[in-house]
Amino acid sequence: SEDTKQITDAIIQILNECITTRGVKVEKLSTFDIEYLFLNIRAKSVGESVEVSVTCPDDGVTQVQMEIDLDSIKVKKNKSHRNTIKLDSNLSMKLKYPSLDQFIENNFDASEVQSDVSQSLKVITSCIDVIYNEEESWSASDSTEKELEEFIGQLNTKQFKQVEKFFETMPKLSHTIVVKNPKTEVESEVVLEGLASFFS
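Another aspect to go through is the overall build of the chain. Scanning the chain from terminus to terminus reveals 6 helices and 9 strands. Per-residue burial for the chain yields a buried fraction of 34% across its 200 residues. Taking all contacts inside the chain whose residues are at least 6 apart in sequence as the whole, residues at least 24 apart take part in 62%. If you sum the accessible surface of the chain, you get close to 12,400 Å²; carbon and sulfur atoms cover 49% of it. Positive and negative side-chain charges of the chain, numbering 22 and 35 respectively, have mean locations separated by a distance of 6 Å.

Let's shift gears to the packing of aromatic side chains. With the rule as written, the count across this model stands at 3 aromatic pairs. Taken together, a centroid distance of 5.0 Å and an interplanar angle of 75 degrees make the contact between Phe 32 and Tyr 97 edge-to-face. Placement of the pair is Phe 32 in helix α2 (residues 31-45) and Tyr 97 in the loop between β5 (92-95) and α3 (100-107), with a sequence separation of 65 residues. Considering the side-chain rings of Tyr 97 and Phe 166, the 5.6 Å spacing of their centres and the 15 degrees angle between planes classify their relative orientation as stacked. Taken together, the residues span a long stretch of sequence, with Tyr 97 in the loop between β5 and α3 and Phe 166 in helix α6 (residues 157-169) at a distance of 69 residues. Note on Phe 166: relative accessible area 1%, which makes it buried.

With that settled, consider the pattern of salt bridges. The final tally for this structure, using the stated rule, is 2 salt bridges. When the shortest N-O distance is used, the salt bridge between Glu 48 and Lys 44 registers 3.7 Å. Here Lys 180 ties to Glu 185 by a salt bridge, and the two come within 3.2 Å at their closest N and O atoms.

This part takes up the sheet that holds strand β9 (residues 187-193). Backbone hydrogen bonds hold the strands of a sheet together, and the pairing may be parallel or antiparallel. One open sheet holds the 3 strands; their spatial order is β3-β8-β9, and the pairing between them is antiparallel. Whereas interior strands pair on both sides, the edge strands pair on one side only; in this sheet they are β3 (74-76) and β9. The sheet shows a mean angle of 50 degrees between the axes of neighbouring strands, direction not considered. Both strand β8 (residues 172-180) and β9 contribute to a ladder of 7 bridges, which runs antiparallel. Looking at β9, one finds that Ile 177 is bridged to Val 190.

Turning next to the nonpolar core. Ile 68 and Leu 100 are the most contacted members of the largest nonpolar core, which has 27 residues in total. Elements with a contribution of two residues or more to this core: α1 (2-18), α2, β1 (49-55), β2 (63-69), α3, β8 and β9. Each residue touching Leu 100, except ones within four places of it in the same chain, is listed here: Thr 8, Ile 11, Ile 12, Val 26, Glu 27, Leu 29 and Ile 34. Grouped together as the second largest cluster of nonpolar side chains are 15 residues, Leu 87, Ile 124, Ile 131 and Ile 152 included.

Over its 15 residues, α2 runs 21 Å from end to end, which matches the ideal 21 Å to within 8%, given 1.5 Å per residue. Thr 31, Phe 32, Ile 34, Glu 35, Leu 39 and Ala 43 are the residues of α2 that are buried.

Rules used throughout
Residues numbered from 1 in each chain as written. Predicted model: local features only at pLDDT ≥ 70, side-chain atom pairs only at ≥ 80, totals over all residues. Heavy atoms only, no water. Helix = DSSP H or I, 4+ residues; strand = E, 2+ residues; numbered from the N terminus. Buried < 20%, exposed > 50% of the residue type's maximum accessible area, 1.4 Å probe, protein only. Contact = heavy atoms within 4.5 Å. Areas by Shrake-Rupley, 256 points an atom, 1.4 Å probe, with all protein chains shown as cover. Lys, Arg positive; Asp, Glu negative; His and termini not counted. Charge placed at Lys NZ, Arg CZ, Asp CG, Glu CD. Phe/Tyr/Trp six-rings, centres within 6.5 Å; stacked < 30°, edge-to-face > 60°. Salt bridge = Lys/Arg side-chain N within 4 Å of Asp/Glu carboxyl O. Pairing = 2+ DSSP bridges. Axes fitted to C-alpha atoms, helices over the stretch in contact; angles between N-to-C directions. Core = buried A, V, L, I, M, F, W, Y, C linked by side-chain atoms within 4.5 Å. Expected span 1.5 Å × (residues − 1).

Right, dumping it as structure tokens:
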């Protein structure tokens, strides 16, 4: 939509003005890099802490306001994460991280309502980089979206779980806090993940 394009253009402009490192292309940055940069730009321009509303896990209802130091929020990396998936003895697939467009869709674009399955499929196909075997390789950029969707649709359960693991273990903006429920006095750990969690 036009609104989404304006948001994309604004984000590219802001990041380009704030990034001084030569050769960095904002459009190629991963979602977690963009989130981390936004968080730091916000910290330097508005204030280095943010107040968030946290739901206490012990009762699932009570809301507690907590202040978080933005400098303490980091991109968390999982040691088991791999971006190459061996689908069978011959065929492998290399995945790339969601890009700026995906970041916009996840955080700002509410204009297009899609089913969870449709949205998940769209994310997966947009993250395919290369499919290859010992003899040759096929770049996703040379394939149509329909062809990629058909390829993903042919994966068996075990193969698809490997794709899911890529997304589950990919680096993410993450911060663990301890919240005390004022009603029950129970202390619980709460993990906040993704940019939206820190501006709720």
